[in-house]
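# Structure assessment
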Amino acid sequence: MRLGAGTFAACCVVIEVLGVALFLRGFFPTPVRSSSRTEHQAEPPAPEPAAGGSSNWTKLPPPLFRKVVIMLIDGLRDDFVFGSKGVKFMPYTTYLVEKGASHSFVAEAKLPTVTMPRIKALMTGSLPGFIDVVRNLNSPALLEDNVITQAKAAGKRIIFYGDETWVKLFPRHFVEYDGTTSFFVSDYTEERETLVPNLLVLCGDHGMSETGGHGASSVEELNTALILISSAFERKPGDIRRPKHVQQTDLAATLAIGLGLPIPGNSVGSLLFPTVEGRPVREQLRFLHLNAVQLSKLLQENVPSYTKEPGFEQFKMSERLHGNWIRLYLEENNSEVLFNLGAKVRRQYLDALRTLSLSLSRQVAQYDIYSMLVGTVMVLEPNSWHKVRRQAFSEQFSPSPAGVDTAAVFLFQVLALLLLSIPQALSSKAELEVPLWSPAFSLLFYLMFLVLSALHVIVCTSAESSCYFCGLSWLTAGGVMALISALLCAVVSALAKMFASGKFLSKNPAHPKARWSELDVLILLGTMGHVLSLGASSFIEEEHQTWYFLINTLCLALCHEVYRNCFLRDDCEPQQCSHVEEGFVSTAPALQDRSIHCNMLEPHGVSEDPTSLDTLRGCEKWMVLASPWVILTCCRLLRSLNQTGVQWAHRPDLGHWLTSSDHKAALSLLAALSLIVIFALVQRRCSLTSKVAMALGLLGVYCYRAAIGNVLFPWQQDSKDISKGVIEARFVHVFVLGILFTGTKDLLKSQVIAADFTIKTVGLWEIYSGLVLLAALLFRPHNLPVLVFSLFIQTIMTKFIWKPLRHDAAEITIMHYWFGQAFFYFQGNSNNIATVDVSAGFVGLDTYMEVPAMFLTAFATFAGPVLWASHLVSFLSSETSSGSALGHACFCYALICSFPVSAYIILVTSLRYHLFIWSVFSPKLLYEGMHILITAAICAFFTAMDQTNTKS
């Protein structure tokens, strides 16, 4: 079957999206659950252990508190309460911590440090899965056993006021509630009469970094304050207590025991013992025993070799000692022996709880290895499957290549197809012959299909735990196996054809001896270097430095190329040949007349009569010489605007200076000038209607920022809100939609009535300008210069780099990709979830709406890559004279995006037990998954334009 290069690349990316989705489903583990309690039906409590007799205490102990009030403060870092800041800003709380009837702790949260997973941890005592960070904006109902559900089942009245995340997690649990969206909070106060004894829990869901963000693994983001205040906690005069470090999951067990409820079955936390140390010894031991029984049951259900666990052995020893103590106690022996034995049992229980909790925290989740491997590169042999299942999440497990089959699957089959298709896909016709039917009826296909199907049956029938891929229907799984087999056959067929013809990847099949230019080498080494850098956690944390280095080096290479062509030009120099990216063949056949540019290959990605250095005179020529240095200067200024990454994120930057209240006038002036420059750079190719809409929209952007107090109007010197920005933002949204609609209408209309391809793409620039206006609305005022420099660099490179130097579509595509990645970090983004500006998703909204909020947040985060990809489509469409340029660009874009995604999936698979797997590698994996999804959308648009061009 003969396909266009763009169509083939788009199909490959779609398959990659499916593979990445399957991998993510297997990689992000689902926490293990207790099967002993279904539908929140409480089991009878474990009886009190006894030696040589029976205990008369078989029920739950009476509650310690009549009422519990939980005050959860978002982002309450521990030093906000316990440090010098607490003395200054929370003096009464500090007094209670130091001298009052309270117990204070520093509770350590686990990743991800965002609100919804942390609420789940506090109420269930379990460790939520990392993928819960995606569900943070729209929390589903919590079906896991938890304190709130147990309290409702016990007939307790529960009242709630605060963030509606709680209402979403616990629907129909509150007899009275008032939930507010955290981005639209109105202050209110309640004073109510309290009853004694009560318990007031003051805590935070997570902390925050020095820059105010959260979501990652820094100490400031993990440590949060936890204070338990009650008149039941007696303190002797002069008793000064320092906050102890505990786990956030310990609160659920403590609340359950305090309210006389069963401990949630999935809780991995242990009782905060200071809350019961004032109770009689028998009650203390009873509480500790109930907690230890619950943890030991969870360990038995999730660890096959639980009897060998140190915590389980300590628990059994504690039970035996506890039984001996009960026997002495029932004999009414009040001697010192009973007191000393009780203290020993208490210490033994506390050690057992600590060890059990630690073991469960390590064993609480499992990787779905089978789904991961089906989605990437290899399938485990059946004999090694049980070993992996048993040792999942074990510190002693070290991945080994033994027991691994060689069945190449999804991502790397697609990557291999893309690489093998380079010569055909980047030929002058931008078409290639895809062998679909012959491999589908080959013997290899049927053999592979049978082998994979048999392996699937063996794995799914012998697996010791659940697997997502095994849970799919047999028809769906069979379709996946058939697709894998067909892709493998296609790869083998392409390799056989290449070996048979003797044509391998080369710069130019027509001229095998053609030399690579410096730009070709730079692109190759830069791409490979970036891929290799993803194997180190420090390079992922500071990935912005890699991209800054690459674009700076690219500018120097362009400077060298410009100077060489201007001052060392020789009609017969080999460097006059057009450039191609790593292994990419030329995008046009060689000119036969050697008298024309010394057999120079025509850059097929641009127009037939492009601007060249020969035609430039005077000022224009000097602009060409100066343009690389201008771009370097712009990039250096952008680096000073937003500090990002980890190592230097706390350092002051221009953005911090601008956003301070003392410099609001300077920020207002900068924002106004930026909006004016944006209009000047964008409007040059817009229709009159779009120009008016753009001008009014940019004015609305400034009004919106003034309404919410970010900038000032000349006649308004205070920051009093006008309308909280909702009306102004919706005003801008109307113009964004109007410009996009106008561009789309013109584009569709031109497809019908126009014959020339350049005219057929007349509406593309309007669509691009509409996206620019939306970015201007969502960017914070101090980030508007990022948008300005992006447009300015695009203008400079269009007029003084790509056209005069006559780069081909492949090189232009790679440059767009590199600058798009760099501008992702120029915005202040990083591979840390804390840098995502969630507030952008609520611009123009007065209530939470899931779809618009997710779209706006994603667009604001990935505005850099999206705008540069959009500019690439517009540039190639306006400058091309035939249909292959967009096909080449689509193919190159898909290929260069496939390299890091495929390589990174292998890296995280091999490093899944690395110390920083959840703090560094997993957030980057989420970004890569989102990036490949955006790439699929970009390639789909490229393909649509490519098909339009082909028909013309």
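On a predicted model such as this, the values are computed, not experimentally measured, just so you know. (Residues numbered from 1 in each chain as written. Predicted model: local features only at pLDDT ≥ 70, side-chain atom pairs only at ≥ 80, totals over all residues. Heavy atoms only, no water.)

On to the overall build of the chain, then. Helices and strands together make up the secondary structure of the chain, namely 36 helices and 11 strands. Going through the 952 residues of the chain one by one, you find that 56% of them count as buried. In the chain, of all internal contacts separated by at least 6 residues, the share reaching a separation of at least 24 is 77%. Element-wise, carbon and sulfur atoms account for 61% of the exposed surface of the chain, whose accessible area totals about 41,100 Å². (Helix = DSSP H or I, 4+ residues; strand = E, 2+ residues; numbered from the N terminus. Buried < 20%, exposed > 50% of the residue type's maximum accessible area, 1.4 Å probe, protein only. Contact = heavy atoms within 4.5 Å. Areas by Shrake-Rupley, 256 points an atom, 1.4 Å probe, with all protein chains shown as cover.)

Attention now goes to the packing of aromatic side chains. Under the definition given, this model contains 25 aromatic pairs. Aromatic side chains W325 and Y329 sit 5.1 Å apart centroid to centroid with 15 degrees between the ring planes, which places their arrangement in the stacked category. Here W325 pairs with Y329, and both are found in helix α11 (residues 310-330), just 4 residues apart, close to one helical turn. A relative accessible area of 3% means that W325 is categorised as buried. (Phe/Tyr/Trp six-rings, centres within 6.5 Å; stacked < 30°, edge-to-face > 60°.)

Okay, unusual backbone geometry next. If you check the backbone angles, R172 has positive phi at about 60 degrees while not being a glycine. Checked against the element boundaries, R172 lands in the loop between α7 (165-169) and β6 (176-180). Backbone geometry places R806, a non-glycine residue, at a positive phi of 55 degrees. Tracing the sequence through the fold places R806 in the loop between α31 (784-805) and α32 (809-826).

So, on to the sheet that holds strand β3 (residues 67-73). Spatial ordering of the open sheet is given by β3-β7-β8-β4-β9, a layout of 5 strands whose pairing is mixed. The sheet is open, and its two edges are formed by β3 and β9 (244-247), each paired on a single side. Between one strand and the next, the sheet's axes are offset by a mean angle of 25 degrees, whatever the strand orientation. Where strand β7 (residues 198-204) meets strand β8 (residues 223-229), 4 bridges bridge the pair, whose relative direction is antiparallel. Along β8, the bridge assignment pairs C203 with L226. (Pairing = 2+ DSSP bridges. Axes fitted to C-alpha atoms, helices over the stretch in contact; angles between N-to-C directions.)

For the coordinates displayed, the defined rule picks out 12 salt bridges. Between E108 and K110 there is a salt bridge, with the nearest N and O atoms lying 3.7 Å from each other. Taken together, the salt bridges that share partners define one network made up of E543, K924 and E928. (Salt bridge = Lys/Arg side-chain N within 4 Å of Asp/Glu carboxyl O.)

This part covers the nonpolar core. Residues W818, F819 and F891 are the most contacted members of the largest nonpolar core, which totals 165 residues. The biggest single contributor to this core is helix α35 (residues 884-910), with 16 residues. If sequence neighbours within four positions are ignored, W818 has contacts with L522, I523, G526, T527, W547, L550, I551, L554 and I896. Listed in part, the 65 residues of the second largest apolar core include A107, L199, L341 and L360. (Core = buried A, V, L, I, M, F, W, Y, C linked by side-chain atoms within 4.5 Å.)

What follows concerns α11. For α11, with 21 residues, the first-to-last C-alpha span of 30 Å sits near the 30 Å given by 1.5 Å per residue. Those residues of α11 that sit buried are G311, F312, F315, S318, L321, H322, G323, W325, I326 and L328. Note on α11: the residue one or two positions beyond its end, E332, has a positive phi of about 60 degrees. (Expected span 1.5 Å × (residues − 1).)

Moving on, we get to the environment of V68. Examined against the element boundaries, V68 turns out to sit in strand β3. As a C-alpha pair, V68 and I158 span 90 residues in sequence and 9.7 Å in three-dimensional space. What V68 contacts, discounting residues up to four positions off in sequence, is L199, V201, L255 and L259.

Turning to its location among the elements, S661 is positioned in the loop between α25 (654-659) and α26 (664-682). Of the residues examined, S661 reaches a relative accessible area of 62% and is grouped as exposed.

Take a nonpolar patch on the surface next. Together, L688, V692, L696, L699 and F731 make up an exposed nonpolar region whose accessible area comes to about 480 Å². Top element by residues in the nonpolar patch is helix α27 (residues 688-707). It accounts for 4 residues. Using a relative accessible area of 67% as the deciding quantity, one classes L688 as exposed. (Patch = residues over 30% accessible without salt bridge, like charges linked within 9 Å, V, L, I, M, F, W, Y side chains within 5 Å.)

Now for the confidence of the model for the chain. Per-residue confidence for the chain gives a mean pLDDT of 78, with 79% of residues at or over 70. Here residues 192-196 is modelled with pLDDT under 50, and outside its nearest four sequence neighbours on either side it reaches 7 contacts, counting other chains as well. In the model, residues 377-408 has pLDDT below 50 throughout and makes 66 contacts with residues more than four positions away in sequence or in other chains. (pLDDT = per-residue confidence, 0-100.)

Moving on, we get to the packing of α27 against helix α30 (residues 764-778). Taken N-terminus to C-terminus, the directions of α27 and α30 make an angle of 10 degrees; their axes are 9 Å apart at the nearest point. As far as their axial angle goes, α30 and α27 are roughly parallel. Across from S690, M694, G697, L698, V701, Y704 and R705 in α27, the residues of α30 making contact are E766, S769, L773, A776, L777 and L778. (Parallel < 35°, antiparallel > 145°, perpendicular 65-115°, else oblique.)

Here the focus is helix α34 (residues 863-879). Given a rise of 1.5 Å per residue, 17 residues ought to cover 24 Å, and the 24 Å separating the end C-alpha atoms of α34 matches this to within 8%. Counted residue by residue, α34 has 16 buried out of 17 residues, so it is predominantly covered.

A few words on the packing of α26 against α30. At a minimum axis distance of 11 Å, the contact between α26 and α30 shows a crossing angle of 170 degrees. If you check the angle between α26 and α30, you find them roughly antiparallel. Residues L675, I678, L681 and V682 of α26 lie in contact with α30, whose contacting residues are W765, S769, V772 and A776. Here the contact of α26 with α30 is built from residues that sort into 7 nonpolar, 1 polar and no charged. (Nonpolar A, V, L, I, M, F, W, Y, C, P; charged D, E, K, R; others polar.)

The subject of this paragraph is the pairing of β8. Of all the 7 residues making up β8, 7 are buried; the element is thus mostly covered by neighbouring parts of the structure. Burial of β8 is two-sided: the residues N223, A225, I227 and I229 facing one way and the residues T224, L226 and L228 facing the other way are all buried. Pairing of strand β4 (residues 102-108) with β8, which is carried by 7 bridges, proceeds in the antiparallel orientation. Pairing of S102 across the sheet is with I229, part of β8.

With that settled, consider the state of the cysteines. As enumerated under the stated definition, the model contains 0 disulfides in all. Lacking any disulfide linkage, C11 is separated from the closest cysteine sulfur, that of C12, by 7.0 Å. A relative accessible area of 41% places C11 in the partly exposed class. The structure places no disulfide on C555, whose sulfur is separated from the nearest cysteine sulfur, that of C635, by 5.3 Å. (Disulfide = S-S within 2.5 Å.)

This part takes up the side chain of H173. Checked against the element boundaries, H173 lands in the loop between α7 and β6. At 3.5 Å, the side chain of H173 and the backbone oxygen of F170 are in polar contact. At 2.7 Å, the side chain of H173 forms a polar contact with the backbone oxygen of P171. Among all residues touching H173, those that are not within four sequence positions of it are I148, T149, K152 and I158. (Polar contact = N/O pair within 3.5 Å; in protein donor to acceptor, adjacent residues only side chain to side chain.)

Tracing the backbone through its elements, the reader meets L748 in helix α28 (residues 726-753). Distance from L748 to G763, taken between C-alpha atoms, is 8.2 Å for residues 15 residues apart in sequence.

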